[in-house]
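The residues making up each chain are set out below.
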Amino acid sequence: MSDENEKFSVESFLKKVQEGDKTLLIVGAIVMIIPMVALFFLTGGKTDKKMTQQKLRTMVQRRNVFNFGTKEDGTKSAPKSGLPSKSSNWFGSRTPAQKIADEIHRAEQVIEQKANIIEVPPELTGDHKKQYLAEHNYHLCCANGAIELKNYAEAEELLKKALDEAKDNAFLEVYALGSLCALYERTGDAVKMEAAYKQYVEAVSKIPPEFGGGDLKRVVRDAYQALATVGNYASPAEITDALEKEPLVQKGVVPSNINIREVYKSFPIKYE
């Protein structure tokens with residue numbers, strides 16, 4: 001055909017339509033038939049109109065990574081992510097520093113849980129087992145480390161946790177109270193120190209004698225009253241003579257120039 005060499009133009013297209021070009025009509029019919037054939041296959045070969053609409057609606061509402069579902073109000077909803085729910089917080093309002101702090105806190109919790117599981121040697125039973133558990137208590141060990149690092153506020157909180165865990169373990173109670181006394185001595189808190197020492201001397205009586213327990217309260221009270229009597233009534237010559245004969249002074253354990261008259265005043269617990 002000679003028309004095949006002509007360039008396409010709107011005028012020629014309209015002219016062909018007006019002249020009833022059969023080729024154009026056939027092409028147009030094919031273009032209209034293609035969507036109908038596609039719908040036929042998508043609906044499984046069924047031509048029922050209701051079934052077709054329901055099938056299409058189901059396909060549109062199916063949510064996957066390639067399409068969006070339609071809500072009841074007609075708006076589009078984004079597909080749900082396959083990532084864990086916690087990952088949505090990564091793009092939230094928390095700063096990177098806060099997220100890192102959260103991760104560190106979770107790691108510390110895992111470490112703490114594992115550290116609280118103490119493997120006791122099978123040969124240890126009874127009081128020996130309790131003593132071993134007390135010596136390896138996580139909060140007590142961390143508190144003693146915090147005291148050495150001068151993190152006194154942290155140490156105090158850790159020792160309180162250790163005391164909460166010491167309800168059935170007298171060894172842990174004594175060890176925690178002893179560390180608490182040392183803590184308040186370093187901070188210079190006389191009121192808290194006296195209260196801690198009073199608890200400590202009471203707790204020592206719960207320890208079996210073979211482990212060093214006993215009536216420490218009586219011993220401390222007697223020592224305080226004896227030193228107070230010496231300070232109030234002994235002459236300087238009598239004090240000097242007594243100190244020279246004291247084995248601990250002779251061995252250098254107790255300094256010879258100590259002011260024995262004032263020692264009782266330094267006791268954390270005062271007895272009348």
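In what follows, the structure referred to is the one given above.
So, a few notes on the structure that sits alongside this text. Since we're looking at a predicted model, the values are computed, not measured. (Residues numbered from 1 in each chain as written. Predicted model: local features only at pLDDT ≥ 70, side-chain atom pairs only at ≥ 80, totals over all residues. Heavy atoms only, no water.)

On to the environment of Y184, then. Assignment of secondary structure puts Y184 in helix α8 (residues 170-187). Take Y184: its relative accessible area is 8%, and that puts it in the buried class. The spatial distance from the C-alpha of Y184 to the C-alpha of E194 is 8.9 Å, given a sequence separation of 10 residues. Excluding residues that lie within four positions of it along the chain, Y184 makes contacts with E156, D189, K192, M193 and A196. (Helix = DSSP H or I, 4+ residues; strand = E, 2+ residues; numbered from the N terminus. Buried < 20%, exposed > 50% of the residue type's maximum accessible area, 1.4 Å probe, protein only. Contact = heavy atoms within 4.5 Å.)

Inspection of every chain in the model, using the stated rule, returns 10 salt bridges. A salt bridge links D215 to R218; the shortest N-O distance between them is 3.8 Å. Using a relative accessible area of 44% as the deciding quantity, one classes D215 as partly exposed. Judged by relative accessible area, which is 40%, R218 ranks as partly exposed. (Salt bridge = Lys/Arg side-chain N within 4 Å of Asp/Glu carboxyl O.)

Here we come to the packing of aromatic side chains. A complete count under the given rule lists 4 aromatic pairs for this structure. Aromatic side chains Y224 and Y264 sit 5.9 Å apart centroid to centroid with 75 degrees between the ring planes, which places their arrangement in the edge-to-face category. Here Y224, found in helix α10 (residues 216-233), pairs with Y264, found in the segment after α13 (260-263); they are 40 residues apart in sequence, far enough to count as distant. Residue Y224 is classed as buried on the basis of its relative accessible area, which comes to 8%. Here the aromatic cluster, defined as three or more aromatic residues joined through ring pairs, consists of Y224, Y264, F267 and Y271. (Phe/Tyr/Trp six-rings, centres within 6.5 Å; stacked < 30°, edge-to-face > 60°.)

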